[in-house]
Amino acid sequence: MNKYNEILKELSKYDAKLVLVSKTKPIEQILHYYNMGQKDFGENRVQEMVEKHDKLPKDIKWHQIGHLQKNKVKYIAPFVHLIHSVDSYELLKEINKRAKSNNRIINILLQIKIALEDTKFGMSKEECTTLLSNKELNTFQNIRICGLMGMATFTKDENEIRKEFKTLKDFHSKLKRDYFSDKDFFRDISMGMSSDYKLAIQEGATMVRIGSLIMGSRL
Ligand SMILES: *Cc1c(COP(=O)(O)O)cnc(C)c1O
């Protein structure tokens, strides 16, 4: 069995969804997986996503997984399916504004810093609860906060990675209770990549972002 089908089968046992990370990969290779039934693809650069969206079938669901600058939101707002990397109130506000001008509701995840390294983007838990406590948030009618995203420390220490994924899962449960108890759409936890997705699904990921393990290493 090929790697793609093997991973899909494993994910289905945990009810987790695959976002196939296609950054740097050519159109033909994306089409290959599209023709096998893959509809969710992740990109981390806005311009690359826009170009691929233009050239590929329109029922592909594009996931913005990398850091997003405010001034680039307008380029993906007409079509993006889910933005995983929302890490500030200002960015959320801009996404709402651009979603509104496109007459859409844009799904987003709040990115939480769970890794030990401080090179990774994301909000602290405190910053996140401050954001969610902002009353103005209720006026943002064109965004839907669907859950959380996190990236674990790049390490061989599985206990550390597991601990970080647990932190994200626990924080998700807390937010669900405190802010989203009546919102069915607040259910997603995007965590796990090629190297650590097995730990992530065991710890409650609903969505994993896998690139190199399926599509090959990026040079
Ligand atoms: C590139 C990337 C991935 C996928 O990484 P792989 O190791 O190739 O699976 C996942 N998440 C984010 C945010 C990325 O930028």
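Above this note sits the structure.
Residues numbered from 1 in each chain as written. Predicted model: local features only at pLDDT ≥ 70, side-chain atom pairs only at ≥ 80, totals over all residues. Heavy atoms only, no water.

With respect to the overall build of the protein chain
Here's step 1: The helix and strand tally for the protein chain stands at 9 helices and 8 strands.
Here's step 2: Against the globule reference of 17 Å for 219 residues, the protein chain gives a C-alpha radius of gyration of 17 Å, in line with a compact fold.
Here's step 3: Viewed in the frame of its principal axes, the protein chain has a C-alpha envelope of about 50 × 40 × 30 Å.
Here's step 4: Of all intrachain contacts in the protein chain linking residues separated by at least 6 positions in sequence, the fraction that spans at least 24 positions is 58%.
Here's step 5: Summing over all exposed atoms, the protein chain offers an accessible surface of approximately 11000 Å²; the carbon and sulfur share of this is 48%.
Here's step 6: With 38 positive and 29 negative side-chain charges, the protein chain shows a spacing of 3 Å between the two charge centroids. (Helix = DSSP H or I, 4+ residues; strand = E, 2+ residues; numbered from the N terminus. Rg over C-alpha atoms; globule rule 2.2 N^0.38 Å. Contact = heavy atoms within 4.5 Å. Areas by Shrake-Rupley, 256 points an atom, 1.4 Å probe, with all protein chains shown as cover. Lys, Arg positive; Asp, Glu negative; His and termini not counted. Charge placed at Lys NZ, Arg CZ, Asp CG, Glu CD.)

What to know about the site of the ligand
Here's step 1: Residues in close proximity to the ligand include Val21, Lys23, Ile65, Met151, Met193, Ser194, Arg209, Ile210, Gly211, Ser212 and Arg218, which together make up its full environment.
Here's step 2: Between Arg209 and the ligand, the recorded distance is 2.9 Å, taken from a side-chain N or O atom to a nitrogen atom.
Here's step 3: Between the ligand and Arg218, the relevant distance is 2.8 Å, taken from an oxygen atom to a side-chain nitrogen or oxygen of the residue.
Here's step 4: Protein chains bury 90% of the 390 Å² of accessible surface belonging to the ligand in isolation.
Here's step 5: One can see that the ligand is located within the largest pocket. (Near = heavy atom within 4 Å. Polar contact = N/O pair within 3.5 Å; in protein donor to acceptor, adjacent residues only side chain to side chain. 1 Å grid on protein atoms, 1.4 Å probe; cavity = no way out; pocket = protein on both sides within 12 Å on 5 of 7 lines; lining within 4 Å. Sits in = over half its atoms within 2 Å of the grid points.)

Topic: the side chain of Glu10
Here's step 1: Note on placement: Glu10 falls in helix 1 (residues 3-13).
Here's step 2: In terms of polar contacts, Glu10 uses its side chain to reach the side chain of Tyr197, at 2.8 Å.
Here's step 3: When residues no more than four places from it in sequence are discounted, the contact partners of Glu10 are Tyr197, Lys198 and Ile201.

A closer look at the pattern of salt bridges
Here's step 1: Applying the stated rule across the entire model yields 15 salt bridges.
Here's step 2: Between Glu6 and Lys3 there is a salt bridge, and its shortest N-O distance comes to 3.2 Å. Here Glu6 pairs with Lys3, and both are found in helix 1, just 3 residues apart, close to one helical turn.
Here's step 3: Owing to a relative accessible area of 33%, Glu6 belongs among the partly exposed residues under this scheme.
Here's step 4: A residue is classified by how much of its surface remains accessible, and Lys3, at 33% relative accessible area, is partly exposed. (Salt bridge = Lys/Arg side-chain N within 4 Å of Asp/Glu carboxyl O. Buried < 20%, exposed > 50% of the residue type's maximum accessible area, 1.4 Å probe, protein only.)

Remarks on the side chain of Glu164
Here's step 1: You can see Glu164 is positioned in helix 7 (residues 158-179).
Here's step 2: Of the side chains with opposite charge, Lys163 lies nearest to the buried Glu164, which makes no salt bridge, at 6.3 Å.
Here's step 3: Apart from residues lying up to four places away in sequence, Glu164 is in contact with Ile114, Ala115, Leu116, Ala152 and Thr153.

Focus: unusual backbone geometry
Here's step 1: We note that Asp15 has phi near 60°; this positive angle belongs to a residue other than glycine.
Here's step 2: Secondary-structure assignment places Asp15 in the loop between helix 1 and strand 1 (17-21).
Here's step 3: The backbone phi angle of Thr24 is positive, close to 70°, even though this residue is not glycine.
Here's step 4: In this fold, Thr24 is placed in the loop between strand 1 and helix 2 (27-35).
Here's step 5: Under the relative-accessibility criterion, Thr24 is labelled exposed at 52%.

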